[in-house]
Structure formats: C-alpha cells, structure tokens
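Descriptive structure summary
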Amino acid sequence: MDFQFSWPLYDHTEEAALLRVLNRRKWFNGEETKAFETAYAQFQGADFGAACTSGTTALEIALEALAIGPGDEVIVPPYTFVATATAVLRVGATPIFADVDATWCLDPASVEAAITPRTRAIMPVHFGGAMGNIEALDALARSNGLALIEDACHAWGSAWKGKGAGTIGCCGAFSFQESKNLTAGEGGILVSNDGALMERCQSIINCGREAGAPWYHHINLGTNARITEFGAALLQAQLVRLPAQLAQRAANAALLDAGLAGVPGVTPQPNIPEMTRRSYHLYCFRLDSTKFGMDRATFLAQCEARGLPLMAGYPLPLYQQPLFQKFLDRFDYRTCACPETEAICFREGVWITQPVLLLSPEHMQAIIDGIKEIQAGA
Ligand SMILES: Cc1ncc(COP(=O)(O)O)c(C=O)c1O
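Predicted model only: the values in this text are computed from it and were never measured.

1. Looking at the site of the ligand
Around the ligand there are 15 residues in total, and T56, D151, H154, S175 and K180 lie nearest to it. Contact distances for the ligand include 2.8 Å between an oxygen atom and a backbone N or O atom of G55. Against a free-state accessible area of 390 Å², the protein chains account for coverage of 91% of the ligand. If you map the ligand onto the pockets, it falls in the second largest pocket. When residues of the shell around the ligand are traced back to their parent elements, those giving at least two are α3 (55–65) and α4 (83–90). Residues of the shell around the ligand, tallied by class, amount to four nonpolar, nine polar and two charged.

Here it is in structure tokens:
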C-alpha cells in the first residue's frame, strides 16, 4: 500500500486569505493577527492569545515575562525538542532534567525529587499531544509556589477534564512550524487566562512597547517576535480545518490502539481518561524487544522494506546533546540519568507522524497487519 501524503494541506481558502493580506497592504501587526489570537485562544478555551514567530520564541517570552533568569532553575523533560531546554538557557536560567513516565511526559515523582530552593518553574511537554499527568504537576507547582509553563507545541486542541492545553498552568506555548498539525510554515502563540502576564508577553513580542501608547515609547526589554499578517491569515484558514483533522487522527489512532492490543511487546502511549480530547501530533508505542522477538533497529528495517512509515524518534536524551557541555558551570549535565527516557530513545520508542494519521482506515489496517506479520516472523 502507498503511504504517500501531502503536507501541509491547503485550498482556495488559504489562497484567498493570502491575497486578502497582500491586497490590503497591511502586512504586519494588524487585524489578521488580532483575529487569529482571538480565534485560537477561544479554540483552547483561554482568555488571551499572543501570537509570535515560533514555539521557541513563545517559550522564551513566557520565561522572560515571568522574570525567570540567572540563578533560577526550570524543570524540563529530556524527551523533547531542543527548544524546551534552550529557551531556559537563553534567558540565563538552568534547565534541570526530570524523567518521563509511562505517559512519555514528565513524571511528577521525578519532578518532585528535582525541586530545589532555586526552582522557579516546571515546564511539562505535552508529548505527541498527550498531557501526561498535568493535574499532579499543577498541584506540585502550586504547593511549591512555582510557575507551570506548558510546552503545548504538540497539543493544539488537547484538553484535560475539558480544560484546554495551555490553560492549566500560567500559560501555554504552541508551535505552527511546518511539521505541526496547525501550520503557517513558521509561527507560534502563547495562551493564558492571566491578563497581566499576557500584557507583558505582548509587550516583549512588540519591542517592549506599551499597548495603546505612542510607537516610540518602550517600557520593557522586548524584541521583535511579531508574526506576519500573512502567517496569521493562513493560520485562521488552517484553524477552520483543524477540528475535522483532529477527529480523523483520533479515529485512526483508536484503530491502531485496538489493532495493536495484544501484539506481544507493543505498548502504545496510553490515553489517560482525564484527557478528554487528544491532539495526535504523533502516534507512539514502545517496543519490548524480548517480548516482540526482535530489536527496534531490525523491526524498523523490516517496516521500511514493507513501505510502512514508522520511525525511531529522538535518538538520545536531550541532556546528552553536545550543547550541554557548554553549560557545565550551571549544572553538571554529565551526571544526568533518566532511565525511562533512555529506554525510549535508545531501545523502545517508535513514532508514526501526524500526516500518516490523516490517511484511510485501510492504511491503518495495513500498518497493523504489517506489524503483526513482522512479529509472527520474528
Ligand atoms: C515540544 C516542542 N517544543 C518547542 C518546539 C519549538 O517550536 P518551533 O519549531 O515553532 O520553534 C517544538 C518544535 O518542534 C517542539 O516539538
């Protein structure tokens, strides 16, 4: 079966949106940006949205707006894209790695053990769109007086007991880079219910200006992290198609869950019942080579030979990146050891990316059949 897919998707609505901006000759900081901020905040169930250039800058701006900096520690998972930790480093603070648990997201017990008098924030990653045990992390943050900053860069539409990702902590950051389920090629947004925090974020995004004040009036150390009107217009059009895509990916993920149940050694990333809606940026499972009968590299080679679109994902825990050698004066990252993350990276993790989850139920069945056949032949 052919697993070719097109991504990103667009039609005449995106073309019309781009032409609308072009012809209006207002290409930055205008009504498209405001309309998208309002629409996306509403989609996540947040009071406010502040659009910016990327998920990376959104995380950096959140940390700056919370005045987190040198001497401060922020607890992050090592099973994530580099930006979760580099945002912390770039504001001068120190990322401290806690392990993930069976959810592939931050383990509250590991986070608790990592809290020190210098800890200012916990930054959970909603990995693949799953929200881990966000309630326990929120409770931990509250009882220790810490900020909870949600790296929701995979979690457009995910919700915990009906509350949207990004609205449980003090704010949440989303990415609209091209691989993402909602995309303008590049882009990001912060959402929050905290109006004062979002005012500071908006100011940092817009060169430190004060809302409503004259253009040459700067009250904060800001930067230029404004999204373009083209990006904001494209995102409004993409947002209209997101709910149907979200439902289709979830339906296909349910087929994979059902079809893979009982395959020896295959454990899909679990769906916690409190997670009332789940965005699937990735469908993931762990492969126990002893029970499956072959190691992951052999399995993936056989998948590739059959044309099945499966991959190993992050090949190493973030703390093993050479980058961290440059910050040993802040923390000795050579001492980091997160066994769950290492098991997923080195031996067990398998990913199916989101565009594959927009293919037909027959494609999902072909993946299930292929995995079963490979296992039977092991
Ligand atoms: C978990 C996570 N956080 C942050 C980011 C950064 O987003 P961006 O690529 O828009 O800067 C990404 C992007 O891949 C991500 O996967």
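2. Some thoughts on the sheet that holds strand β10 (residues 266–268)
Read across the sheet, three strands follow the order β10-β11-β12 without closing on themselves; strand pairing throughout is antiparallel. What marks the edges here is a single partner per strand, and that holds for β10 and β12 (349–353). Each adjacent strand pair in this sheet contributes to an overall mean axis angle of 30 degrees, direction not counted. In this structure, strand β11 (residues 282–287) lies alongside β12, joined through five bridges in antiparallel fashion. Bridging across to β12, F285 finds its partner in V350. Across the sheet, helix α8 (residues 229–260) lies against β10, β11 and β12, angled at about 15 degrees from β11, the strand it touches most.

3. Description of empty space enclosed by the protein
The final tally for this structure, using the stated rule, is one cavity of 30 Å³ or more. T103, A130, M131, G132, P270, I272 and M275 together form the lining of the largest cavity. The class makeup of the residues in the lining of the largest cavity is five nonpolar, two polar and no charged.

4. Points about the pairing of strand β2 (residues 73–76)
The alternating pattern of β2 places E73 and I75 on one face and V74 and V76 on the opposite face, and all of these are buried. Looking at chain direction, β2 and strand β3 (residues 94–97) are connected through four bridges and run parallel. Within the sheet, the bridge partner assigned to E73 lies in β3 and is T94. After leaving β2, the chain enters α4 and then returns to the sheet as β3, a path that is right-handed. In this structure, β2 lies alongside strand β4 (residues 119–122), joined through three bridges in parallel fashion. By the bridge assignment, E73 is partnered in β4 with T119.

5. A short note on the packing of α3 against α4
The contact between α3 and α4 brings their axes to 9 Å, and the two run at 40 degrees. One way to sum up the angle between α3 and α4 is to call them oblique. The two elements α3 and α4 cross, and the hand of that crossing is right-handed. Every residue of α4 that contacts α3 at T56, L59, E60 and L63 is listed here: A83, T84, A87, V88 and R90. Along the lines of polarity and charge, the residues of the contact of α3 with α4 split into five nonpolar, two polar and two charged.

6. With respect to the packing of aromatic side chains
Using the criterion set out here, one finds 22 aromatic pairs in the structure. The rings of F36, Y40, F43, F174 and F176 are connected pair by pair, giving a single aromatic cluster. Its end group placed over the ring of Y280, R278 keeps NZ or CZ at 3.9 Å from the ring centre.

7. Quick notes on the environment of T84
By the element assignment, T84 lies in helix α4. The spacing of T84 and D151 is 67 residues in sequence and 7.1 Å in space, taken between C-alpha atoms. Dropping the residues within four chain positions of it, T84 is found in contact with L59, V76, P77, M123, V125 and D151.

Criteria and cut-off values
- The residue numbers shown here count from 1 along each chain, following its written sequence.
- Local features in this predicted model are restricted to residues whose pLDDT is 70 or higher, and side-chain atom pairs enter the listing and the counts only when it is 80 or higher, whereas totals over whole chains, interfaces and linings include all residues.
- To get the side-chain values, take all heavy atoms of the structure and skip hydrogens and water.
- It suffices for a single heavy atom of a residue to lie within 4 Å of a molecule or strand for the residue to be listed as near it.
- A 3.5 Å cut-off defines polar contacts: any pair of N or O atoms within that distance qualifies, except that in protein one atom must be a possible hydrogen donor and the other a possible acceptor, and neighbouring residues in sequence count only when both atoms are side-chain atoms.
- In this description, accessible areas are obtained by the Shrake-Rupley approach with a 1.4 Å probe, and a residue is regarded as covered only by the protein chains that are shown.
- Method remark: on a 1 Å grid restricted to protein atoms, a set of points is classed as a cavity if a 1.4 Å probe fits but cannot get out and as a pocket if it is open with protein on both sides within 12 Å along at least five of seven lines; lining residues have an atom within 4 Å of a point.
- A cavity or pocket is said to hold a molecule if more than half of that molecule's atoms lie within 2 Å of its grid points.
- The helix count covers DSSP runs of H or I at least four residues long, the strand count covers runs of E at least two residues long, and both are numbered beginning at the N terminus.
- Following the grouping adopted for this structure description, the nonpolar residues are Ala, Val, Leu, Ile, Met, Phe, Trp, Tyr, Cys and Pro, the charged ones are Asp, Glu, Lys and Arg, and the polar ones are all others, Gly among them.
- Each pair of strands is called paired provided DSSP finds at least two bridges between the two strands.
- Axis definition: a line fitted to C-alpha atoms, limited for helices to the stretch in contact. Angles are taken between N-to-C directions and run from 0 to 180 degrees.
- Contact definition: two residues touch when any of their heavy atoms are within 4.5 Å.
- Grid points are joined across faces, edges and corners, and a volume is the space filled by probe spheres set on the points.
- Here the term buried applies to any residue with accessible area under 20% of the maximum for its type, exposed to any over 50%, and partly exposed to those in between, with areas from a 1.4 Å probe on protein chains only.
- Throughout, right-handed denotes a crossover for which the path from the first strand over the helix to the second runs clockwise when the strands point away from the viewer.
- Working definition: roughly parallel below 35 degrees, roughly antiparallel above 145 degrees, roughly perpendicular at 65 to 115 degrees, and oblique for all remaining angles.
- Crossings are sorted by hand: turned counterclockwise from the far helix by less than a right angle, the near helix makes the crossing left-handed, and turned clockwise it makes it right-handed.
- Aromatic contacts are taken between Phe, Tyr and Trp rings whose centres are within 6.5 Å, Trp giving its six-membered ring; a plane angle under 30 degrees counts as stacked, one over 60 as edge-to-face, and the others as tilted.
- Over a ring means this: the NZ of a Lys or the CZ of an Arg is within 6 Å of the ring centre and within 35 degrees of the ring normal.

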